[in-house]
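# Report on the structure
One letter stands for each residue in the lines below.
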Amino acid sequence: MTSDENIFDLLGVGFGPSNLALAIALQERGAGLSARFLEARAQFAWHPDMMIPGADMQVSFLKDLVSQRNPQSPYSFVAYLHAKGRLGRFINRKTFFPSRVEFNDYLVWVAGQMPVCTYDRKVVGIEPEWQGKRISALTVIAQDGAQRLYRERGRNLILATGGKPRWPAPFAALRDDPRVVHSGDYLSRALPRLRSGMRVAVIGSGQSGAEIFEDLAARPEAPMIDLVLRRTALRPSDDTPFVNEIFDPAGTDRFHARPEDERRRALTDLAATNYSVADGDLIAALYDRLYEQSVTGEDRLRLHPEHGVTEVQGHGSTLELTLTGPQGPYKIAADLVILATGYERAITAEMLGELAPYWTGEAPDRTYRLPMAPEVGPAIFVQGFSEATHGLSDTLLSVLALRAQELADSLVKCSQTARRTQSHSLAAE
Ligand SMILES: Cc1cc2nc3c(=O)[nH]c(=O)nc-3n(C[C@H](O)[C@H](O)[C@H](O)COP(=O)(O)OP(=O)(O)OC[C@H]3O[C@@H](n4cnc5c(N)ncnc54)[C@H](O)[C@@H]3O)c2cc1C
């Protein structure tokens, strides 16, 4: 028998901006649902290893956690500025784009007011609870930093665990090698290794690669830096207004309604809004730096456009990278490699634990619900894993406020159904 006690209407895995926005939407809707979110980190933090000084947000502050849904919310970025006594000075800056450090501070401020998350809980398993031939609830197993295990029960589940660092094939054997670091670990793992005159290879020419190149170039250690990029040149992200309309919340409906081949074409056509592109200002700054170097005759900063790393070999403490492209193949040496190669976002069996065999393998539906076998009662939702069906905004901040509203509405319906079904079953027993 399944007890009706100690069970949450909703269990959430991950407490980044997506599930934080959902927690607020549930509260503001007065949903009356019991929800508990489990977050692997010891406290709230938004991409902490990329809090590079000077890095700005790439969306307007009006695309915060709430404003597009509820401009009167006490959890808006403007409310945050007001609470911190900086509203007037922020206005004086005449910008829509706060620094990344400030936006993280805003998120931390909101998260501190949402007592629905348990931190230091990495979810390591999900088990079904059976009632006869039906899965009526779920148990989520989480681990803390000291490897202790905890179990929480839920009627519905939402997974918002973000992306997994993309690790290119030539570096596969070097996953645990401290000389190779993903940009997601830049501040905590790459910078402490930096030494005067060191050779650093940065792989990838998107926003992260360009930011890291610029940050390293300005450091007193004066490392030699090689930026390896597949494209012909560093390219600016397209944030012009007509193109930006794809990030409007209504853009999700339009995108979802299109046939699959048209969606694929649109994703390719508009990839320059988000992938392998960097802010125009940053590109201009890098160009100036390289120009200055050509005046002084230095050779510390080098770009390798149209080349990719095809082989990596260790030589003592140095790595030798083979670059293949129009000028190649040729080799460069690196004491440290930083992979600014982005993130994979795929729903995997690992994420679903013991529920994996019951997933139909289809994409989440318009309401972000994962299609599951008929015997699975609990609704499983995802956030940030529907780019192919919901558009380029899916992994970004642009749709958070309204997506959270849609999810809150669906969850209220699912919880009412789950409670009814469970109380009927208990009465029948
Ligand atoms: C450096 C950087 C800058 C960015 N800047 C912008 C920007 O300016 N504008 C924009 O729109 N987008 C930006 N993005 C895109 C980014 O994806 C979104 O901003 C946002 O982080 C998405 O939120 P999320 O909650 O879906 O995922 P995440 O922020 O990745 O949060 C997922 C959370 O889940 C937790 N987690 C993962 N696995 C588990 C587990 N097994 N158990 C428990 N917890 C787990 C993680 O610790 C993490 O806290 C940026 C991305 C990066 C990397």
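So, here's what we can say about the structure. (Residues numbered from 1 in each chain as written. Predicted model: local features only at pLDDT ≥ 70, side-chain atom pairs only at ≥ 80, totals over all residues. Heavy atoms only, no water.)

### Describing the pattern of salt bridges
The tally for this structure, following the rule as stated, stands at 21 salt bridges. One salt bridge connects D409 with R29, and the closest N-O pair in it is separated by 2.6 Å. Here D409 is found in helix 13 (residues 400–428), whereas its partner R29 is found in helix 1 (residues 17–29), with 380 residues between them in sequence. Accessibility expressed as a relative area gives 27% for D409, which makes it partly exposed. (Salt bridge = Lys/Arg side-chain N within 4 Å of Asp/Glu carboxyl O. Helix = DSSP H or I, 4+ residues; strand = E, 2+ residues; numbered from the N terminus. Buried < 20%, exposed > 50% of the residue type's maximum accessible area, 1.4 Å probe, protein only.)

### Focus on the site of the ligand
Near the ligand, the surroundings consist of 27 residues, among which S18, E39, Q58, V123 and L397 are the closest. Between a nitrogen atom of the ligand and a main-chain N or O atom of A40, the distance comes to 3.0 Å. A distance of 2.8 Å is found between an oxygen atom of the ligand and a backbone nitrogen or oxygen belonging to L397. When the ligand is considered free in solution it has 1,000 Å² of accessible area, and contact with the protein chains removes 87% of it. Secondary structure elements with two or more residues in the shell around the ligand: helix 1 and strand 5 (122–131). Class assignment for the residues of the shell around the ligand results in 13 nonpolar, eight polar and six charged. (Near = heavy atom within 4 Å. Polar contact = N/O pair within 3.5 Å; in protein donor to acceptor, adjacent residues only side chain to side chain. Areas by Shrake-Rupley, 256 points an atom, 1.4 Å probe, with all protein chains shown as cover. Nonpolar A, V, L, I, M, F, W, Y, C, P; charged D, E, K, R; others polar.)

### Structural notes on a nonpolar patch on the surface
On the surface, a nonpolar cluster with roughly 270 Å² of combined accessible area is contributed by L62, F96 and F97. If you trace the backbone, L62 turns up in the loop between strand 3 (35–38) and helix 2 (77–84). (Patch = residues over 30% accessible without salt bridge, like charges linked within 9 Å, V, L, I, M, F, W, Y side chains within 5 Å.)

### Quick notes on the sheet that holds strand 12 (residues 224–229)
Strand order in this open sheet of five strands is 10-17-11-12-13, and the pairing throughout is parallel. What marks the edges here is a single partner per strand, and that holds for strand 10 (180–182) and strand 13 (301–305). On average, each strand axis in the sheet is tilted by 20 degrees relative to the strand beside it, whichever way the strands run. Relative to strand 17 (residues 336–339), strand 10 runs parallel, the two being bridged by three bridges. Directly across from H182, in strand 17, lies its bridge partner L339. Sheet strands in contact with helix 6 (residues 207–217) are strand 11 (199–203), strand 12, strand 13 and strand 17, and its direction is about 170 degrees off that of strand 12. (Pairing = 2+ DSSP bridges. Axes fitted to C-alpha atoms, helices over the stretch in contact; angles between N-to-C directions. Contact = heavy atoms within 4.5 Å.)

### Side note on the packing of helix 1 against helix 4 (residues 100–111)
Between two packed helices, the angle of one axis relative to the other and the distance separating the axes together describe the packing. Their axes nearest at 11 Å, the elements helix 1 and helix 4 cross at an angle of 40 degrees. Judged by the angle between their axes, helix 1 and helix 4 are oblique. The hand of the helix 1/helix 4 crossing is left-handed. Side by side, helix 1 and helix 4 meet where P17, L20 and I24 of the first sit next to L107, V110 and A111 of the second. (Parallel < 35°, antiparallel > 145°, perpendicular 65-115°, else oblique. Left-handed = near helix turned anticlockwise from the far one by under 90°.)

### Re the packing of aromatic side chains
Applying the stated criterion across every chain, the model contains 15 aromatic pairs. Where F61 meets F77, the ring centres are 5.6 Å apart and the plane angle is 35 degrees; that geometry is what we call tilted. Here F61, found in the loop between strand 3 and helix 2, pairs with F77, found in helix 2; they are 16 residues apart in sequence, far enough to count as distant. Just as F61 is buried, F77 falls in that class too. Taken together, the ring pairs in this structure connect W46, F61, F77, Y80, F90, F96, F103, Y106 and W109 into an aromatic cluster. Above the plane of the ring of Y150 lies R121, whose end atom (NZ or CZ) is 3.6 Å from the centre. Directly above the ring of Y368 sits R403, whose terminal nitrogen or CZ lies 5.7 Å from the centroid. (Phe/Tyr/Trp six-rings, centres within 6.5 Å; stacked < 30°, edge-to-face > 60°. Lys NZ or Arg CZ within 6 Å of the ring centre and 35° of its normal.)

### Quick notes on helix 8 (residues 249–256)
One turn of an α-helix holds 3.6 residues; hence residues three or four places apart share an orientation. Within the span of helix 8, buried status applies to G251, T252 and F255. Taken down its axis, helix 8 places every buried residue within 110 degrees of arc, on the same side. Close packing links the buried residues of helix 8 with helix 9 (260–269) and helix 12 (387–390). (Arc of directions from axis to C-beta.)

### Quick word on the side chain of R300
Considering the arrangement of structural elements, one finds R300 in the loop between helix 10 (280–296) and strand 13. At 4.2 Å, E298 is the nearest oppositely charged side chain to R300, a buried residue that forms no salt bridge. Polar contacts involving the side chain of R300 include one to the main-chain carbonyl oxygen of P223, which spans 2.7 Å. R300 has contacts with L216, A217, A222, P223, M224, I225 and Q293, leaving out every residue within four places of it along the chain. (Lys, Arg positive; Asp, Glu negative; His and termini not counted.)

### So, the nonpolar core
Grouped together as the largest cluster of nonpolar side chains are 46 residues, with contacts concentrated most on F15, L20, L22, F37, L65 and Y106. Ranked by size, the runner-up nonpolar core spans 28 residues in total, among them Y186, L194, L229 and L336. (Core = buried A, V, L, I, M, F, W, Y, C linked by side-chain atoms within 4.5 Å.)

### Notes on the packing of helix 6 against helix 10
Orientation of helix 6 relative to helix 10, taken along the N-to-C sense of each, is 40 degrees, at an axis distance of 10 Å. Comparing the axis directions of helix 6 and helix 10 gives the class oblique. As helix 6 packs across helix 10, the resulting crossing turns out to be left-handed. Here Q207, A210, E211, F213, E214 and A217 of helix 6 come into contact with helix 10, specifically with L282, L286 and R289. By residue class, the composition of the contact of helix 6 with helix 10 is five nonpolar, one polar and three charged.

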